[in-house]
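Chain and residue survey
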Amino acid sequence: DLQIYHDGSNSYIDDPGTGNLKIRSNRLQLEKYTGETMAEFIADGGSSLYYNNSKKLETVTGGVLVAGELEATTLDINGQANIGGDIILDAGGNSTSAGIGNSGNYLQFQAKSGDTSKPQFWMGNHGDTGVYTNASTHYWRKIDNTNIATLTTGQFTVTGEVEATSLDINGNADISGNITNAGW
């Protein structure tokens, strides 16, 4: 079953049979018998693994590069992790998950149950934050943890000063304190 031959440029070993094949080389490329690359190994250099002739794992001086999705039963990262894209934390496949994502000008932490995704906390690029505690009450806070506003069903409460270019109120307004308008 073992065939060894040379085509003038490259050497080939074909072994479609059973058992192990041990090869020693300074640069080794393993191919499927049809010619698709399966792995490359360079002595004192990088190694690469392929899936369906596409490089998926590569060792480099700084560690390992993975092309595509990395799925693991456990993951231990010692040092800094640079992640481009959203982070999804799945709670064991029971249709609940949590995520960290960057949506435009803010970083959002959200919880998901089934097909419904609700933001639980967000941080804006100007220091503003939002905290959502449940489905009926939302709290907005500044970095110093003081409430800016709360929103419950039918009521919006603001702590501190409100500055607006316009304010439309449909219904009753309960105001304690003074109302001033520099243009009056």
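Summarised in this report is the structure supplied together with it. (Residues numbered from 1 in each chain as written. Predicted model: local features only at pLDDT ≥ 70, side-chain atom pairs only at ≥ 80, totals over all residues. Heavy atoms only, no water.)

Digging into the overall build of the chain
Short version of the rule: Numbering goes from the N terminus for both helices and strands, where a helix is a DSSP run of H or I of at least four residues and a strand is a run of E of at least two. Type-normalised accessible area, obtained with a 1.4 Å probe on protein chains alone, sets the label of each residue: buried when under 20%, exposed when over 50%, and partly exposed for intermediate values. In what follows, a contact means two residues having at least one pair of non-hydrogen atoms within 4.5 Å. What sets the accessible areas is the Shrake-Rupley method with a 1.4 Å probe; for residues, cover comes only from the shown protein chains.
Scanning the chain from terminus to terminus reveals zero helices and 15 strands. Here the chain, with 184 residues, has 11% of them falling under the buried criterion. The long-range share in the chain, meaning contacts at least 24 apart out of those at least 6 apart in sequence, stands at 0%. For the chain, the accessible area works out to roughly 15400 Å², and carbon and sulfur atoms hold 48% of it.

Structural notes on the packing of aromatic side chains
Applied cut-off: Aromatic contacts are taken between Phe, Tyr and Trp rings whose centres are within 6.5 Å, Trp giving its six-membered ring; a plane angle under 30 degrees counts as stacked, one over 60 as edge-to-face, and the others as tilted.
All told, the structure shown has one aromatic pair when counted by the stated rule. Relative to tyrosine 12, the ring of tyrosine 5 has its centre 5.1 Å away and its plane inclined at 15°; by these criteria the two rings are stacked. For tyrosine 5, a relative accessible area of 39% translates into the label partly exposed.

Topic: unusual backbone geometry
For residues besides glycine, phi is generally negative; the peptide bonds are generally trans as well. Residues other than glycine seldom take positive phi values, yet asparagine 52 does so here, at roughly 55°. Within the fold, asparagine 52 resides in the loop between β5 (47–51) and β6 (54–60). Look at asparagine 53: it is not a glycine, yet its phi comes out positive at around 70°. The residue asparagine 53 is located in the loop between β5 and β6 in this model. On the basis of relative accessibility, which here comes to 38%, the residue asparagine 53 falls in the partly exposed class.

Focus: the pairing of strand β1 (residues 3–6)
Note the threshold: At least two bridges found by DSSP between two strands are what make those strands a pair.
In the sheet, β1 pairs with strand β2 (residues 11–14) via four bridges, with the strands oriented antiparallel. In the strand pairing of β2, histidine 6 is matched with serine 11. Remark: four residues form the turn of the hairpin made by β1 and β2, two consecutive strands paired antiparallel; glycine 8 in that turn has positive phi of roughly 100°.

Focus: the side chain of threonine 37
This is how the line gets drawn: Here a polar contact means two N or O atoms within 3.5 Å. Within protein one must be a hydrogen donor candidate and the other an acceptor candidate, and residues neighboring in sequence count only if both atoms are side-chain atoms.
As for its position among the elements, threonine 37 is in strand β4 (residues 37–42). With a relative accessible area of 13%, threonine 37 lands in the buried category. In terms of polar contacts, threonine 37 uses its side chain to reach the side chain of glutamine 29, at 3.1 Å.

Topic: the pairing of strand β7 (residues 63–66)
Looking along a regular strand, one sees the side chains alternate between the two faces of the sheet. Taken together, the four bridges between β6 and β7 define a ladder with antiparallel strand orientation. Note that in β7 the partner of glutamate 58 across the bridge is leucine 65. Linking β6 back to β7 in an antiparallel pair, the connection comprises two residues.

Thoughts on the sheet that holds β6
Threshold: Where helices are involved, their axes are fitted lines through C-alpha atoms of the stretch in contact, as for all axes, and angles between N-to-C directions lie from 0 to 180°.
Here five strands make up an open sheet; going across it, the order is β3-β4-β5-β6-β7 and the pairing antiparallel. Sheet topology places β3 (27–31) and β7 at the edges, where each strand pairs with a single neighbour. Geometrically, the sheet is characterised by an average inter-axis angle of 10° between neighbouring strands, direction not taken into account.

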